[in-house]
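Survey of secondary and tertiary structure
Chain residues, written in single-letter form:
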Amino acid sequence: MGKTTGFMEFSREMPSRRPVTERVNDWFEIYQDFPEEKLRAQGARCMDCGVPFCHSGCPVNNIIPDWNDLVYRGRWKEAVRQLHATNNFPEFTGRICPAPCEAACVLGINQPAVTIKNIEKTIVERGFAEGWIKPEPPKFRTGKKVAVVGSGPAGLAAAQQLCRAGHWVTVYEKADRIGGLLRYGIPQFKLEKRILDRRLEQMEGEGVKFVSKAHVGHSLPVSDLQEQFDAIVLAGGSEQPRDLKIPGRELKGIHFAMEYLPQQNKRCLGDTLDPAGDILANGKHVVIIGGGRYRCRLPGDCPPPKAGIGAPVRNHAHAAGGALTADSLAAVADAVAH
Amino acid sequence: MKRCSTMNGLPPAQGLYDPAYEHDACGMGFVASIRGHKSHDIIQKGIQVLINLTHRGACGCDPETGDGAGILIQIPHRFFEKECASLRIKLPKPGQYAVGMTFLPVEKHQRLQCEGILESVVKEEGLKVLGWRDTPVNGDAIGRVARQSQPYIQQIFIGLPKGVQMDEDAFERKLYVVRKRAEREVRESEIEDREMFYIPSLSARTIVYKGLLLAPQIANFYGELSDPDVTSALCLVHQRFSTNTFPSWQLAHPYRYVAHNGEINTLKGNVAWMHARQSILSSPLFGDDIKKLFPIIAPGGSDSANFDNAVELLFQAGRSIPHVMAMLIPEAWSGNPHMKTSKRAFYEYHCSLMEPWDGPAAIAFTDGRVIGATLDRNGLRPGRYVVTHDGLVVAASEVGVLDVPPEKVKSKGRLQPGKMFLVDTVAGRIISDKEIKQQLASRQPYAQWLKEKQIKIEKLPEPARVHGGDHATILIRQRAFGYTDEDIRMILEPMAKQGEEPVGSMGTDTPLACLSDKPQPLFNYFKQLFAQVTNPPIDPIREEMVMSLISYIGTERNILEETADNCHTLRLEHPILTNRDLEKLRRISTGDLLATTLPALFRAADGEAGLKRALDELCRQASLAVKSGYTLLILSDRGVDKDYAPIPSLLALAAVHNLLVREETRTQVALIIESGEPREVMHFALLIGYGASSINPYLAIETFEDLAARGYLPDGISAEVAIKKFIKAINKGLLKTFSKMGISTLQSYRGAQVFEAIGLNQDLVEAYFAGTTSRLEGVGLDVLAREAQMKHEHAFRPVSEFDTELSVGGQYHFRVDGEFHLLNPLTISKLQHSVREGSFKTFQEYADLIDDQSRNLATLRSLMKIQKSDEPVPIEEVEPAKEIVKRFNTGAMSFGSISKEAHETLAIAMNRIGGKSNTGEGGEDEDRYKPDANGDWRRSAVKQVASARFGVTANYLVNAEELQIKMAQGAKPGEGGQLPGHKVDEVIARLRHSTPGVGLISPPPHHDIYSIEDLAQLIYDLKNVNPQARIAVKLVSEIGVGTVAAGVSKAHADVVLISGDSGGTGASPLSSIKHAGIPWELGLAETQQVLLLNDLRSRIKVQTDGKLMTGRDVAIAALLGAEEFGFATVPLVTMGCIMLRKCHLNTCSVGIATQDPELRAKFAGTPEHVINFFFFIAEQVRQYMAQMGFRTVDEMVGRVDMLDVQPAVDHWKARGIDLSAILYNPPVPSRVARCCVQAQDHGLQNALDHRLIQYAYPALENREPVEMSFQIRNVHRTVGAMLSGEIARRYGSEGLPDDTIRVHLKGSAGQSFGAFLAKGVTLALEGDANDYAGKGLSGGRLVISVPKKAGFAPEENIIVGNVVLYGATSGEAFFNGVAGERFAVRNSGATAVVEGVGDHGCEYMTKGVVVVLGSCGRNFAAGMSGGIAYVFDERREFTEERCNLASVDLEPVIEAEDVELVKGLVARHHELTGSKRAKAVLDNWQEMLPSFIKVFPHEFKRVLGVPRATHAYIPGQPLPHVAELEQVTHG
């Protein structure tokens, strides 16, 4: 609802990005702070629609109009609560979600949509900054034990809900760190890993146990889990990339994103990698196929990034989104070959 | 109640028809000799009066059979002596014998049995039967239907046995006992035709001749009425207009004491309370006989009959008849600070005795010695009287019913709200209201009694301890009581901020409570009833003075006694108790008052059994508490915990109430609700409607405390303020809810049960809600227990802090986990895509989503199945879509509520396909009347006539194919509306004939329709202006709508529209959107059934609307009986509406429901979108028709046999629903048509206007001036309207040059004199006129002057009736006398001079000038927002007593401009009417000028930039210096 006439008074405004000259020197997130007054004005643009398309357009059904209004009214604490009612980790979605809500926003029919995603992120960051988001261990324990296999967003959300319902929860992760895609699939500048750690800390405070390097079914027999736990949640996710079976696919230098991103994230986390498997783009021309979340900023050396280093990036017309035809892909492959 | 006889006449309840909902209204009157001189002349005059009131009655399918007429006279002794002599019956002296008129079964054996019973009762009661006389009647004088049901009519003569002495009053009492006993014994006998037995009168003083007659038939039918020996000093007459056409001889008036014009809205409650009181009735006058009178209210009677029963008891038990009237229909005393203390005390005392019988009522009454009439507190029926110099009084619903030469007239008056007019024929004089009331008030020291015995809550000692809030558990309890996020955000918070109910828009599209998957509060299963047509809703804001929330709690005592103890009650100013108030009551120990608290909780885990057990236990405890002497029972659900859930508060209340009624102890205690559940207006209304005295909503109160503690209330609103505002909002909402039903006091509303339940089963209703209608079966105690359990489980489910605190709700706005909505993101986008792409396939997908509600049941039609015929027809043979779309209409949405672009797009689309668009109530720009150059036409075919009459001029009316009278609107039936000043721009102001920036109010009622015969009058008015247009009447579904529709058909409407409850709105209180009215399926089916039973369907078209969304909806509507279909919400969606539900805020982001130019620019709808939609719908209808084997829509109308119940429904709630009442097909012969096959006879051929037009021909054709003269009578109605239509057709709103057509008239003009009179016409009448003169005046001039021969003073006598100049837009009117109630109501441009007005003068006026040269009634200028009135206040009473200062300033007339204007108008008045009053004022102008007060509306001042005055001007007091006039900021 915000302000009844808010959408007529205020225009859409997003926080500005840090200057490129600064950004190329680090891997931190790119948006600058946004003054509270401005954000509240953005919240005021929400029309509190009778049929909020944003709300049904949201994959987790965030009750967007409600928290837009709370932000407008400066009722931050309540906004934090309202936001968490449908979403365990708004600090992740507020950064990396493609925001179908904004595409569905009713205001978007004839004006720029409400900056829903930025509002979401700001609410949750305010929650952390104020210390409102802290461990909320359950008051009663059921005594039941649950194993969650996989520590990606789904596994973590399941773990948190189950823990809060009073069960003892242990999360198993085959990788060396907890977080799944959040940890290794999302580049640092989109989601700084401290954001993830902050949430894991809360969960530990609530009583969730995390076990990494435990590959269930391989290094850890399923039977062990069956013996120890009352229930098991499988939240392993899919690790199958979508391959492009086109001529030239077999050429060297063609990688799936998930071959590259974990390496890069590890570098950012200060790990030393086996140089043999390095995928580095320093001084190279790079073509990126796919307009999703990996299309991001292009990789360079790490750590620490040096000024001027990195690969030149150009948006290929097709890459901006939409379907790629076989022909256009062939053209791309051709370009790569050269 | 089974009724089958031909005489009682009404068919038994069947399908959706229930005889309990029959209505009637009528014309009534009396003639009396003041000195009690008996003559035959009085009777002849009475019959003449009756004949001249014929147009107020009606006839049904048989034009020769009326709805009933009758007369009551004194016993004509000379005649009976003569007659009886020939029968060898010797009559004693007058007064020593009684005559009983009896209706008996025709079949001889049964008749003898009835006679036998009556005779034996007479003997057992110690009286003597003198003999019987066959009353000679002429069966040929009456209609076919009446003849078929005619009873055998005899007179019985009863005297005293030898040696028995009895005074006249004792004799009358004995006769009363005899009649009541005989009625009961016959009723309880086995006699087959026992229902035909009826005693119209049995008295030694009066006799009633009545029957199923038309007025002119009565003298021929009862031949003896023409015998010169039949004499009387008084004659009471009545002509009935009933909604039904079922032959009923008994329901004709007069009854034994009264004839009634109007309707008792609170009847159910009144009857129930009368019944509950029986156990404590006692009177020394009756002794043990009192029990023989039970039931006091005889079953099967109409509201008037029941009222007569109550009058009779109170009268026979010793009160005078005026006393009884003042007790049952009191004046509005609580809101009148100027009433004398002793009189107030009289009323207040009697209010603590019994609740008023509330509703519009003009009642003529007599005990055979005094005769008089009284009017309800709000003056909602007309009543006029003339007193002659030779001692004759003629009173009637209209003036002019009897020719009285002007020189013989001593005075002319009208019945005034709450006032009595009384003739005492024994004392030989007229007794003024003032004298009667003074006499009554001084009967007993009422004021002192009240002072000594009445308790006020403020005076009770402070409680030692008050419940505080418990923040730790509030969330759990909110959940247990089913609070949702929306309740807090959209209901409670707004009430705390604004002190009033929140407003919403666009209707509702969520499931009925009985179909919803979500647990519902029990409240949601009920729907509010509301007044339409047969009685008016009230405006609780502008007419607040008649409303009251005061209630009295405590033990009721014997109402037949007058003692101080009768007012030993606790007086509450309103029904909401704070925690402190409640503790005061809990600990009360004053007098007889003693309270106890009973727990209303049940063990959640035990489900239905637990709930049942808890209810039984609660009842047992209540019963015990009453026996132990407790007088206040507090039903409390405090103490909810993990084991115990609250019993739904309404259920707990109803259980106890019903039990105590059965145990006949209900009136000994007051029931008080202490509950966490009630939180919105509807909840409180239901609790009161089912008998609660007061309510402590502790959890709502705590919620505010909690919100405040958490800092969630806006600045400046503390918990205390919030609670105060909440209580204020609830109270205002309650008044609004009462007023929708036309009820003005809480006392009358309490227990009146004016609700219909949807989807509760009979077991539940009978056990707990006896008397409430629930027609579809459905949910029982098991489901209610389950719902309570669901909430309880939710409450105590362990939750983390980050869970949603409360359920999301989703009742008002769509939410993914909330309540289901038919219009949701998916359906809206599919629909919009389909019409934009022209894709029938996508439309089909949309329709499938709506139609297939098997997973989400939402509507009654979702439970229905359209059958397939064994003989389908090929689709090519089905009527083409382009024919079907002609049956489609778009809904009434005013230009004002939606933008010009949207309004015109709809009009263009409908004109292109031959359907009809509707103007709504905001007028229409005249540049739309001619087609555009490209062939498109922006004119709306349907012109709406709504309560505010915005833009309704003669020219508007002639530019229409259909004129639709909006009686109610689905989203807010029974309510008015308001267009705030900021929305009124130049164009809207021009079209609505008002001033830009000035707010506009639509009153809740049409002020010219307070009853069914008034509606007939408006239909006649409109038909006169535009004889080619169809006249449609829009009703909203509720129980009894079918009966109203039957009345509408008899009132000669061409179309009746049955709207559903879910239709859209531009702005309406949320509780109205959600809780008033019922789905169209029920209303439409009922309408079809009742019209068929009456054989009235053939002459009226039936239309339906209310969220029709797909072809399936249309097909079902047709099968249920509709032949035309309306759509509003969905066409808006096709034009881009995305259900923002912000219409009321002017912020529609797609340019539809807004006047903001920037937003309007974003409108992207096109006529093609709309057209595509209608063709898609038609195409779908064709598919269904093919499947059912129908080639034309007409074949399909009313074929309910093609509908079946959806077999696959197995829903936990819906499985109990039984649709057989909706799918009922009344067994009528095939000659009874199921759709409209003939035109109405509007009776225009007798209109005087035919002659006017004939004489005006040169003026009409060549603008040549013409002049003509006629005599006029009250039967000449709507004079001038047809002529005005002719002028408008030729010359548009320009009309003719001033005075082109001059018409001189002499006599008493009928109703609607000069209605819609066009510019260029002057009607100059010497005589007087009835109600609605100058209605919709469109530029013409009305002059009414007192005949030169008249001897009375015009400024003290009435010259024109009620509701004069209603909705006038321009023109002039000069009245040489006093006008009735509501003079110049909603005037938007006429100039008028009058010499005095009744109550509510210039109400809702928005423009124009009114000069009142005399005294005003109360509440002048209520809701006036524009124009100026000048009042000549000689008596210095206007400022403080008569004017409603809420929206106007009162100033002296000092500006030269004002002085000139007033002087000019007074001079003109004198010139045109010869007014002596005007002359006297002019002659002493300088002295008189200070007595003039200028009534200047605030809003108008704001627009003009004139500062607000700080003081109200009182003539004769020193003027505040101009410098003291402070600049007030306008908000």
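Analysis parameters
- Residues numbered from 1 in each chain as written.
- Chains lettered and ligands numbered in written order.
- Predicted model: local features only at pLDDT ≥ 70, side-chain atom pairs only at ≥ 80, totals over all residues.
- Heavy atoms only, no water.
- Helix = DSSP H or I, 4+ residues; strand = E, 2+ residues; numbered from the N terminus.
- Buried < 20%, exposed > 50% of the residue type's maximum accessible area, 1.4 Å probe, protein only.
- Contact = heavy atoms within 4.5 Å.
- Areas by Shrake-Rupley, 256 points an atom, 1.4 Å probe, with all protein chains shown as cover.
- Salt bridge = Lys/Arg side-chain N within 4 Å of Asp/Glu carboxyl O.
- Core = buried A, V, L, I, M, F, W, Y, C linked by side-chain atoms within 4.5 Å.
- Disulfide = S-S within 2.5 Å.
- Axes fitted to C-alpha atoms, helices over the stretch in contact; angles between N-to-C directions.
- Parallel < 35°, antiparallel > 145°, perpendicular 65-115°, else oblique.
- Nonpolar A, V, L, I, M, F, W, Y, C, P; charged D, E, K, R; others polar.
- Pairing = 2+ DSSP bridges.
- Polar contact = N/O pair within 3.5 Å; in protein donor to acceptor, adjacent residues only side chain to side chain.
- Expected span 1.5 Å × (residues − 1).
- Domains from an automatic or database assignment.
- Buried area = accessible area lost by both parts, 1.4 Å probe.
- pLDDT = per-residue confidence, 0-100.
- Patch = residues over 30% accessible without salt bridge, like charges linked within 9 Å, V, L, I, M, F, W, Y side chains within 5 Å.
- Phe/Tyr/Trp six-rings, centres within 6.5 Å; stacked < 30°, edge-to-face > 60°.
- Lys NZ or Arg CZ within 6 Å of the ring centre and 35° of its normal.

Some words on the overall build of chain A
A tally of helices and strands in chain A yields 15 helices and four strands. Counting every position in chain A, which comprises 338 residues, the buried fraction comes to 45%. Sequence-distant contacts in chain A: of pairs separated by 6 or more residues, those separated by 24 or more amount to 70%. Carbon and sulfur atoms provide 55% of the accessible area of chain A, an area that totals close to 16600 Å².

As for the pattern of salt bridges
A side chain with one charge can pair with a side chain of the opposite charge if their charged atoms come near. Residues and elements named next belong to chain B. Counted by the stated rule, this structure contains 138 salt bridges over all chains. Between Asp227 and Lys82 there is a salt bridge, with its nearest N and O atoms 3.0 Å apart. Of this pair, Asp227 sits in the loop between helix 6 (218-221) and strand 8 (234-242) while Lys82 sits in helix 2 (residues 77-86), and the two are 145 residues apart along the sequence. Among the residues examined, Asp227 registers a relative accessible area of 17% and is labelled buried. The residue Lys740 makes a salt bridge to Glu975 at a minimum N-O spacing of 3.6 Å.

Observations concerning the nonpolar core
Residues and elements named next belong to chain B. In terms of nonpolar packing, the biggest core is built from 330 residues, with Phe526, Phe888, Leu1035, Leu1120 and Ile1222 touching the most fellow members. Per element, the largest residue contribution to this core is twelve residues, and it comes from helix 37 (residues 1167-1188). Apart from the residues lying within four places of it in its own chain, the contact partners of Leu1120 are Met864, Trp1080, Glu1081, Leu1084, Ala1085, Gln1088, Gly1198, Val1200, Leu1203, Ile1222 and Leu1223. Counting 71 residues, the second largest nonpolar core, distinct from the first, contains Tyr1020, Val1360, Phe1420 and Ala1429.

Observations regarding helix 6 (residues 76-86) of chain A
Summarising burial for helix 6 of chain A: eight of the eleven residues are buried, a large majority. Within the span of helix 6 of chain A, buried status applies to Trp76, Glu78, Ala79, Val80, Arg81, Gln82, Leu83 and His84 of chain A. The elements touched by buried residues of helix 6 of chain A are helix 3 (36-44), helix 5 (64-72), helix 7 (90-96), helix 9 (116-129) and helix 12 (193-206) of chain A together with helix 14 (485-498) of chain B.

Some points on the state of the cysteines
In the structure shown here, the tally under the stated rule is zero disulfides over all chains. A disulfide-free cysteine, Cys97 of chain A has its sulfur positioned 6.1 Å from the sulfur of Cys101 of chain A, the nearest such atom.

Describing the packing of helix 9 (residues 321-328) of chain B against helix 10 (residues 341-353) of chain B
All names here are of chain B. Viewed as axis vectors pointing N to C, helix 9 and helix 10 meet at an angle of 70 degrees, and their least axial separation amounts to 9 Å. Our classification of the angle between helix 9 and helix 10 gives roughly perpendicular. Where helix 9 abuts helix 10, its residues His323, Ala326 and Met327 lie against Phe346, Tyr347, His350 and Leu353. Here the contact of helix 9 with helix 10 is composed, by residue class, of five nonpolar, two polar and no charged.

Some remarks on the sheet that holds strand 5 (residues 152-159) of chain B
Residue and element names in this part refer to chain B. The antiparallel open sheet is built from four strands, whose spatial order is 4-5-3-6. On the outer flanks of this sheet lie strand 4 (128-134) and strand 6 (198-203), each paired with one strand and no other. Direction aside, neighbouring strands of the sheet carry axes that sit 20 degrees apart on average. Sheet analysis places strand 3 (residues 97-104) next to strand 5, joined by eight bridges and oriented antiparallel. Bridge pairing links Ala98 to Ile158 in strand 5. In the packing of helix 5 (residues 168-187) onto the sheet, contacts are made with strand 3, strand 5 and strand 6, and the angle to strand 6 comes to roughly 165 degrees.

So, the sheet that holds strand 1 (residues 145-149) of chain A
Residues and elements named next belong to chain A. Taken in spatial order, the four strands line up as 3-2-1-4 in an open sheet, and their pairing is parallel. In this open sheet, the two strands that pair with only one neighbour each are strand 3 (209-211) and strand 4 (231-234). Averaged over all adjacent pairs, the angle separating strand axes in this sheet is 20 degrees, with direction ignored. Of the strand pairs in this sheet, strand 1 and strand 2 (residues 168-172) are connected by five bridges, and their pairing is parallel. Residue pairing across strands places Val146 opposite Val169, the latter belonging to strand 2.

Concerning the pairing of strand 11 (residues 370-375) of chain B
Residue and element names in this part refer to chain B. Of all six residues in strand 11, six are buried; the element is thus mostly enclosed. Inspection of the sheet shows strand 10 (residues 361-366) paired to strand 11 by five bridges, in the antiparallel sense. By the bridge assignment, Ala362 is partnered in strand 11 with Leu375. Between strand 10 and strand 11, which pair antiparallel and follow one another directly, the connecting turn spans three residues, one of which, Gly368, has a positive phi of 95 degrees. In the sheet, strand 11 pairs with strand 15 (residues 420-424) via five bridges, with the strands oriented antiparallel. For Ile371, the partnering residue across the bridge sits in strand 15 and is Val423.

What about the interface of chain A and chain B?
Size of an interface: often given as the accessible area lost when the parts come together. Every contact between the two is made by 34 residues of chain A and, on the other side, 31 residues of chain B. Counting across the chain A and chain B interface gives three salt bridges. With a closest N to O distance of 3.5 Å, Arg489 of chain B and Asp66 of chain A form a salt bridge. Linking chain A with chain B are ten residue pairs in polar contact (both at pLDDT 80 or more). Listing elements by their share of the side of chain A that touches chain B, those giving two or more residues are helix 1 (6-9), helix 4 (53-57), helix 5 and helix 6 of chain A. Counting residues per element, the side of chain A that touches chain B draws most heavily on helix 6 of chain A, which supplies six residues. Considered class by class, the residues forming the side of chain A that touches chain B number 15 nonpolar, eleven polar and eight charged.

Focus on helix 24 (residues 825-837) of chain B
In a regular helix each residue adds 1.5 Å, so 13 residues correspond to 18 Å; helix 24 of chain B covers 18 Å between its end C-alpha atoms and thus fits that length. Turning to helix 24 of chain B, its buried residues number three or more, namely Pro825, Thr827, Ile828, Leu831, Gln832, Ser834 and Val835 of chain B.

Quick word on the environment of Arg1442 of chain B
All names here are of chain B. By the secondary structure assignment, Arg1442 is in helix 42 (residues 1438-1442). As a C-alpha pair, Arg1442 and Arg1418 span 24 residues in sequence and 4.2 Å in three-dimensional space. Those residues within four positions of Arg1442 in sequence are excluded, and the remaining contacts are Cys1416, Gly1417, Arg1418, Asn1419, Phe1420 and Glu1437.

Topic: the domain arrangement of chain A
All names here are of chain A. Per the domain assignment, the segments of chain A are domain 1 (6-130), domain 2 (145-234) and domain 3 (257-337). With centres defined by C-alpha atoms, the gap from domain 1 to domain 2 works out at 28 Å. Taken together, the contacts link 15 residues of domain 1 with 17 residues of domain 2. Approximately 1500 Å² of surface area, both sides summed, lies buried where domain 1 meets domain 2, with 62% of it carried by carbon and sulfur atoms. Counting the contacts that link domain 1 with domain 2 gives two salt bridges. We note a salt bridge from Arg199 to Glu91, for which the minimum N-O separation is 2.5 Å. For the pair domain 1 and domain 2, the number of links is eight residue pairs in polar contact (both at pLDDT 80 or more). Within the residue set of the side of domain 1 that touches domain 2, elements represented by two or more residues are helix 7 and helix 9. With five residues, helix 7 is the largest single contributor of residues to the side of domain 1 that touches domain 2. Considered class by class, the residues forming the side of domain 1 that touches domain 2 number nine nonpolar, two polar and four charged.

Comments concerning the confidence of the model for chain A
The predicted model of chain A averages 85 in pLDDT, with 85% of residues at 70 or higher. Counting interchain partners and residues more than four positions distant, the pLDDT-below-50 stretch residues 294-326 of chain A has 62 contacts.

Regarding the side chain of Asn1026 of chain B
All names here are of chain B. On the secondary structure map, Asn1026 appears in the loop between helix 30 (1012-1025) and strand 37 (1030-1036). Under the relative-accessibility criterion, Asn1026 is labelled buried at 1%. Every residue in contact with Asn1026, bar those within four places of it in the chain, is listed here: Leu957, Val958, Ala960, Leu963 and Arg1289.

Let's talk about a nonpolar patch on the surface
On the surface, a nonpolar cluster with roughly 270 Å² of combined accessible area is contributed by Val222, Ile232 and Leu234 of chain A. For Val222 of chain A, the position within the fold is in helix 13 (residues 222-228).

Some remarks on the packing of aromatic side chains
In total, this model carries 46 aromatic pairs over all chains according to the counting rule given. A centroid spacing of 5.2 Å and a plane angle of 50 degrees characterise the contact between Phe704 of chain B and Phe726 of chain B, whose relative ring orientation is tilted. One end of the pair, Phe704 of chain B, is in helix 19 (residues 698-709); the other, Phe726 of chain B, is in helix 20 (residues 719-740), with 22 residues separating them in the sequence. For Phe704 of chain B, a relative accessible area of 0% puts it in the buried group. Judged by relative accessible area, which is 0%, Phe726 of chain B ranks as buried. Pairing Phe1127 of chain B with Phe1173 of chain B gives two aromatic rings, centres 5.8 Å apart and planes at 85 degrees, and the pair type is edge-to-face. Here Phe1127 of chain B, found in strand 41 (residues 1124-1127), pairs with Phe1173 of chain B, found in helix 37; they are 46 residues apart in sequence, far enough to count as distant. Among the aromatic residues, those joined into a cluster by ring pairs are Phe840, Phe843, Tyr846, Phe888, Phe1125, Phe1127, Phe1173, Phe1174 and Phe1176 of chain B. One cation-aromatic arrangement involves Lys266 of chain A over Tyr184 of chain A; the distance from NZ or CZ to the ring centre is 5.2 Å. The aromatic ring of Tyr152 of chain B is capped on one face by Arg111 of chain B, whose charged end is 3.5 Å from the ring centroid.

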